[in-house]
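Each chain, written out:
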Amino acid sequence: MSEPSLHPSALTQAAAHWHALQRQGDVSPAQQRAFMDWLLVSPEHLREYLAISETAGALGEALRAMPIDLDALLASPAPQRTGDNVVPLPARAPRAAAPAPARRRQLPGIAAAAALLLAVGVGTPLAWPHTTRYVAAHGAPRQIELSDHSVLHLNAESEVSVRMSLFGRRVELERGQASFVVAPDRRPFAVHAGGLRVTDIGTTFDVSLLREQARIAVSEGRVQVHGDGGHGRLLADLSAGKVAQVDYRDQRVQLRDEDAASMTAWWQGRIVFRDEPLREVADRFNRSNALRLRVSDDAGALRLTGNLRADDLGSLRAFLDQQPALVIQQRADGIHVRMRGVADGAVKKNSSN
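Model, not experiment: these values are computed from the prediction.

A. Broad picture of the pairing of strand S2 (residues 142-145). Relative to strand S3 (residues 151-154), S2 runs antiparallel, the two being bridged by four bridges. Residue arginine 142 lies in a different strand from S3, and its bridge partner there is leucine 154.

B. Inspection of the sheet that holds strand S14 (residues 253-257) at higher detail. Pairing is antiparallel in the open sheet, where seven strands are placed in the order S2-S3-S6-S9-S10-S13-S14. In this open sheet, the two edge strands, each paired with only one partner strand, are S2 and S14. Sheet twist, expressed as the average angle between the axes of neighbouring strands with direction ignored, equals 15 degrees.

C. Region of interest: helix H12 (residues 313-321). Among all positions of H12, only Leu313, Leu316, Phe319 and Leu320 are buried. Angular distribution of buried residues about the axis of H12 spans 120 degrees; they occupy a single face of the element. Elements that come into contact with the buried residues of H12 comprise strand S15 (270-277), helix H10 (278-286), strand S16 (293-295), strand S17 (303-309), strand S18 (326-331) and strand S19 (334-339). The opening residue of H12, the one whose side-chain oxygen lies 3.4 Å from the backbone nitrogen of glycine 314, is aspartate 312.

D. Fine view of the packing of aromatic side chains. Tallied over the full model, the rule gives three aromatic pairs. Each ring, one from phenylalanine 180 and one from phenylalanine 205, has its centre 5.2 Å from the other, and the planes form 35 degrees; the classification is tilted. Taken together, the residues span a long stretch of sequence, with phenylalanine 180 in strand S6 (residues 177-181) and phenylalanine 205 in strand S9 (residues 204-209) at a distance of 25 residues. Linked through ring pairs, Phe180, Phe189 and Phe205 together constitute an aromatic cluster.

Parameters and conventions
- Every chain is numbered independently, its residues counted from 1 as its sequence is written.
- This being a predicted model, a pLDDT of at least 70 is required before a residue's local features are given, and a value of 80 or more before pairs of side-chain atoms are given or counted; all residues contribute to the totals for chains, interfaces and linings.
- Only heavy atoms go into the side-chain values, all of them from the structure, while hydrogens and water stay out.
- At least two DSSP bridges between two strands are required for those strands to pair.
- A helix here means a DSSP run of H or I that spans at least four residues, while a strand means a run of E at least two residues long, and both kinds are numbered starting from the N terminus.
- Working convention: axes come from line fits to C-alpha atoms, limited for helices to the stretch in contact. Angles between N-to-C directions cover 0 to 180 degrees.
- Each residue is assigned to one of three classes by its accessible area relative to the maximum for its type, calculated with a 1.4 Å probe on protein chains only: buried under 20%, partly exposed between the two thresholds, exposed over 50%.
- The directions considered for the arc are those from the helix axis to the C-beta atoms.
- It only takes one pair of heavy atoms within 4.5 Å for two residues to be counted as in contact.
- Polar contact is the term for a pair of N or O atoms within 3.5 Å; when the atoms are in protein, one must be able to donate a hydrogen and the other to accept it, and sequence-neighboring residues count only if both atoms are side-chain atoms.
- Aromatic rings from Phe, Tyr and Trp, taking only the six-membered ring of Trp, are treated as a pair when their centres fall within 6.5 Å; an angle between ring planes under 30 degrees marks them as stacked, one over 60 as edge-to-face, and anything in between as tilted.

Function cannot be read off these values alone, since they describe shape.
Below is the structure:
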């Protein structure tokens, strides 16, 4: 008895739609289960999908532009029985209702599919999606090599979830800051953060969740930034040396240039800030130090430029003392910073006489 299969053209179309959905990266658990059920019905399904994946580079823009209508795909009628021994794909019956012989007949197809996975060098850890959470505590940034040999630099007080599967590499930056040195791989690599999807196109890049904006900086290669969790419009196409700051509320984009050394300076424990609000500079120092920098609301918007060690509070205090608009007071609970008022100016003038 031959394996159940779709007509070749329908099978190819189904495989292409599943491939496009997987490349999109935002696959729900229910969709992933439906896909795996489809994949394991017959070795032909797996072979066709792998053939689509193998030729994806050649198909390029044609596949990425393919409209994805999963509901229509699943709701479409099965092909009619013909005289050439092509039969429709059987509906998947509930496990309890399936007779024992039918289950035994399905085993060769599933076993053949699993054998083919192994034959192409895809082990179980890659074939089935798995998610790993990484957390960096206060004052303890981390460097992590992921299972695909990409390198994750996770700043202190930061957290990510990394989901690896046969068809994609997806990272959720839940808080803080992370840099990615992405290893070459056929699978797409995408970072979701602050309502954005940052898609790698062979690169090293950094994503940081600030108070009011998400910041994406590219030191090598290129990334694309899409809004609305990846379903919205293209907000930025960034090459090396470019930085985009995307507002959380309206996804307004500000672009600027920055040298690669500044983008990755925090890997070596330095904080480089160029015309940045003092409140955000304070947040970066507070990730690394027990003595916190406490900035008043009026001083928080003051924009500063500097290059300091993250753990050198003495240099930070001296740097802030040089700012004529600020008043600095060190107390038991931290270094307090506020804007200088008229009365403060008069006191300073009288004390110098």
